[in-house]
Amino acid sequence: MITCIEDLRILAQRRVPRMFYDYVDCGSWTETTYRANTADLAAIQFRQRIGMSIAGRTTESRILGNAVSMPLALAPTGLTGMQCADGEILAARAAERFGVPFTLSTVSICSIEDVAAHTEKPFWFQLYVMRDRGFIERLIARAKAANCSALVLTLDLQIQGQRHKDLKNGLSTPPKPTLRNLIDLATKPRWCLGMLQTKRRSFGNIVGHVSGVSDVSSLADWVSQQFDPTLTWDDVRWIRKLWGGKLIVKGVMDVEDARLAVQNGADAIVVSNHGGRQLDGAPSSIAMLPAIAEAVGQRTEILFDSGIRSGQDVLKALALGARGVLIGRAFLYGLGAMGEAGVTRCLEILHRELDLTMGLCGLTTVDAADPTILMNGGVAKDDRHTPSATKDRDARPSHRPVPVA
């Protein structure tokens, strides 16, 4: 019986080839920041309340002006179609039915056009900025043609953090036919059958859309050379003008960067350390959320990413200033475990946990979450008297910031 996200993770580990499971379930270098994302969320305690009516609870909210069944979106995740055949299409359909946004990655297996053809409502598109600006212009034009409702501009991957598991596994799409990989694939018949039945096995947004890139080997060379270390806020303004629609800036982990994102046209920002996959040794995302929300929460919409594994984590992030959260690994575990049904199960689990926790904290609307539902306003008890914790506590908002549309 699947009762929590951990159950989905265990099942995904059994069913997904090692290199693709490890691609999801790893961080950079020592994985210190990866672990801190979940540990710091777990350390935050709720205030249990009694003697108040909690009938008629609702998790409904709005993100970027659009109604959602709960304040959550599926994050952009690379190689989603390698967790399960046609993974991006399946995840997008599950999100659409549940009433939450889906975000397609630049380095997805299914293309923008594929996902648009299999869904009815607009989805978000995530953009990595490559050196080939002509490709970026064409990619943005394709997202506009597909009626994508928001562009998620990821700024924390100008260079790629080193992930030891990916190097040791020889990560490639599709897997290289080495003896180790063949033995592993032999134990994953469900995954192999799905891949045999689909034509989508490479980067759909790139192959066929870039001169000189026609197969996996040429693609790998192109991608490795394309992440742009010269990316600056000037490029953000250029993209803002080129896109013209709602712009979300992802990868914000500093108050000054949050202010710069707002100044350069962000309609929303995502407080995120890329799931602990980039700068190891950086703080957890939840540690930085309150100060960033205090600084810019009245001027832009604050979204939160990295470490969400339960509906309780969702409520903690909302209480500390987020308007909504993004989930990556949680829905990927569901996808790898059970395909489209697994993504739906993931969303059902998070929704139920969120609803029950709201009730036990005395809330009837999810938008009413603020630091008062947390013990000590969300500051871990053991840290209340340390200089850094006192400084962080003082930076926490006294009320939940209300984003300005």
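Remember, it's a predicted structure, so these values are computed and weren't measured experimentally.

## With respect to the sheet that holds strand β5 (residues 124-127)
Within a sheet, adjacent strands bond to each other through the backbone by hydrogen bonds, running parallel or antiparallel.
Next, step 1: Taken in spatial order, the eight strands line up as β3-β10-β9-β8-β7-β6-β5-β4 in an open sheet, and their pairing is parallel. Only two strands of the sheet have a single partner each, and these edge strands are β3 (72-74) and β4 (103-104).
Next, step 2: Judged from the three bridges that link them, β3 and strand β10 (residues 324-327) form a sheet pairing that is parallel. Its bridge partner lying in β10, L74 is registered against I327.
Next, step 3: The strands touched by helix α13 (residues 285-296) within the sheet are β7 (246-252), β8 (268-271) and β9 (301-305), with β9 carrying the most contacts at an inclination of about 175°.

## A few points about the pairing of β8
For a regular strand, side chains alternate in direction, first toward one face of the sheet and then toward the other.
Next, step 1: With burial as the criterion, each face of β8 is covered, one bearing A268 and V270 and the other bearing I269 and V271.
Next, step 2: Pairing geometry for β8 and β9, over four bridges, is parallel. The residue of β9 that forms the bridge with V270 is L303.
Next, step 3: In this fold, β8 hands off to α13, which returns the chain to β9; that crossover is right-handed.

## With respect to the pattern of salt bridges
Next, step 1: Following the criterion strictly, the structure yields 14 salt bridges and no others.
Next, step 2: Measuring nitrogen to oxygen at the nearest pair gives 2.8 Å for the salt bridge that ties E6 to R9. Of this pair, E6 and R9 both sit in helix α1 (residues 5-15), three residues apart, which is roughly one turn of that helix.
Next, step 3: Note that R240 is salt-bridged to D267, the shortest N-O span being 2.8 Å. Taken together, the residues R240 in helix α11 (residues 233-243) and D267 in the loop between α12 (255-263) and β8 connect sequence positions 27 residues apart.

Parameters and conventions
Residues numbered from 1 in each chain as written. Predicted model: local features only at pLDDT ≥ 70, side-chain atom pairs only at ≥ 80, totals over all residues. Heavy atoms only, no water. Pairing = 2+ DSSP bridges. Helix = DSSP H or I, 4+ residues; strand = E, 2+ residues; numbered from the N terminus. Contact = heavy atoms within 4.5 Å. Axes fitted to C-alpha atoms, helices over the stretch in contact; angles between N-to-C directions. Buried < 20%, exposed > 50% of the residue type's maximum accessible area, 1.4 Å probe, protein only. Right-handed = clockwise from strand over helix to strand, strands pointing away. Salt bridge = Lys/Arg side-chain N within 4 Å of Asp/Glu carboxyl O.

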